[in-house]
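This is what each chain is made of:
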Amino acid sequence: MPTLLALDASSTACSCALMQDHSVVQRFEIAPREHTRLLLPMIDEVLAQAGVSLGQLDAIAYGRGPGSFTGLRIAAGVAQGLAYGADVPLMGVSTLEALALAAHRKWHARHVIAALDARMDEIYVSAYHCHEGTLTVALEERVMPPSKLRLPQSDHHVEWLGIGSGWQLLSNIPVDVQAILAQTLPDELPAAEDLVRLAATSWERGARGSAPHEVIPVYLRDEVAWRKA
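Residues numbered from 1 in each chain as written. Predicted model: local features only at pLDDT ≥ 70, side-chain atom pairs only at ≥ 80, totals over all residues. Heavy atoms only, no water.

(A) Main features of the sheet that holds strand β8 (residues 134–144). Strand order in the open sheet formed by 5 strands is β8-β7-β6-β9-β10, and the pairing between neighbours is mixed. Strands with a single pairing partner mark the edges of an open sheet, and in this sheet they are β8 and β10 (181–185). Strand after strand, the sheet turns through a mean of 15° between neighbouring axes, direction not considered. (Pairing = 2+ DSSP bridges. Helix = DSSP H or I, 4+ residues; strand = E, 2+ residues; numbered from the N terminus. Axes fitted to C-alpha atoms, helices over the stretch in contact; angles between N-to-C directions.)

(B) A look at the environment of S94. The topology assignment puts S94 in strand β5 (residues 90–94). Here S94 falls in the buried class, since its relative accessible area comes to 3%. In sequence terms S94 and H108 are 14 residues apart; their C-alpha atoms lie 20 Å from each other. Not counting the four nearest positions on each side in its chain, S94 is found in contact with R64, G65, Y128, E141 and L195. Engagement of the side chain of S94 in a polar contact is seen with the backbone nitrogen of L96, the distance being 3.2 Å. (Buried < 20%, exposed > 50% of the residue type's maximum accessible area, 1.4 Å probe, protein only. Contact = heavy atoms within 4.5 Å. Polar contact = N/O pair within 3.5 Å; in protein donor to acceptor, adjacent residues only side chain to side chain.)

(C) Expanded view of the pattern of salt bridges. Within the structure shown, the criterion is met by 8 salt bridges. For R37, the salt bridge is made with E34, and the minimal N-O distance between the two is 2.5 Å. The salt bridge partner of E193 is R197, with a shortest N-O separation of 3.0 Å. Of this pair, E193 and R197 are both found in helix α5 (residues 192–204), 4 residues apart, which corresponds to roughly one turn of the helix. Judged by relative accessible area, which is 18%, E193 ranks as buried. (Salt bridge = Lys/Arg side-chain N within 4 Å of Asp/Glu carboxyl O.)

(D) Inspection of the sheet that holds β5 at higher detail. A sheet is described by the order of its strands in space; here 5 strands give the open sequence β3-β2-β1-β4-β5, paired in mixed fashion. Either end of the sheet is taken by a strand with one partner, and the two such strands are β3 (23–30) and β5. Averaged over all adjacent pairs, the angle separating strand axes in this sheet is 20°, with direction ignored. In terms of strand pairing, strand β1 (residues 4–8) meets strand β2 (residues 13–20) through 5 bridges, oriented antiparallel.

(E) Seen up close, the environment of A138. By secondary structure assignment, the location of A138 is in strand β8. Here A138 falls in the buried class, since its relative accessible area comes to 18%. The spatial distance from the C-alpha of A138 to the C-alpha of H108 is 17 Å, given a sequence separation of 30 residues. What A138 contacts, discounting residues up to four positions off in sequence, is A127, Y128, H129, P152, D155 and W160.

(F) View of the pairing of strand β9 (residues 160–163). The alternating pattern of β9 places W160 and G162 and L161 and I163 on opposite faces, both of which are buried. Pairing between strand β6 (residues 111–119) and β9: 3 bridges, direction parallel. Along β9, the bridge assignment pairs I113 with G162. Sheet analysis places β9 next to β10, joined by 4 bridges and oriented parallel. Counterpart to W160 in the pairing with β10 is L181.

(G) Molecular detail of the packing of helix α1 (residues 35–50) against helix α2 (residues 69–86). Put simply, α1 and α2 touch, their axes get as near as 11 Å, and they point 35° apart. Here the hand of the crossing between α1 and α2 comes out right-handed. Across from H35, T36, L39, L40 and I43 in α1, the residues of α2 making contact are I74, A75, V78 and L82. Class assignment for the residues of the contact of α1 with α2 results in 7 nonpolar, 2 polar and no charged. (Left-handed = near helix turned anticlockwise from the far one by under 90°. Nonpolar A, V, L, I, M, F, W, Y, C, P; charged D, E, K, R; others polar.)

(H) Broad picture of α2. Between its first and last C-alpha atoms α2 spans 26 Å; for 18 residues at 1.5 Å apiece the expected length is 26 Å, and the two agree. For α2, the set of buried residues is G71, L72, I74, A75, A76, V78, A79, L82, A83 and A86. Where α2 is buried, its residues contact β1, α1, β4 (59–65) and β5. Directly beyond the C-terminal end of α2, a positive phi value near 55° is found at D87. (Expected span 1.5 Å × (residues − 1).)

By themselves, these figures tell us nothing about what the structure is for.
Dropping the structure here:
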């Protein structure tokens, strides 16, 4: 198993986590506009608790988005600086995928729609089928008005769990989507613990991340965003 550090600042929460030998150490705090002040001390704490130095890391993962424009830039910048210093690769992880894994890991959800409030009356959203820690995409990441959310017709026979701040806009979701929801968890936020687990799964499948200069957050909105080809 790799030794991985993950950090996230994509929402009002700030978090970092370290995985070593399947064991995860995490710091998580809801602290709007405090990410810059909190992130580096949190990283120092988890490294010290695990007895790991930056040079012992195999890679650093970061919440690549979607999420807060400022928060994504903070996490990407800190991850980039640490990766340059430690000479390790970076692994960008979807914040929506992290939410879906949290729903599967903590509530045993099999079918998850992860949604974040994108402001401007829109949501960032994607959907996943989950089985034994593995996520299969049912709806690709996108940004849209909640009233436009649709799932493939073939997925209307199962019950879905909605997770993330986008579900605060539940009343604007189409009634046919509301009808297939078993539960919504609108107060759940992305956490580094799930980011690091996803990064570890990618590592085990052969992914080795990218060079630090290739860090690109994913904002989804075309006017403020770009994706790595």
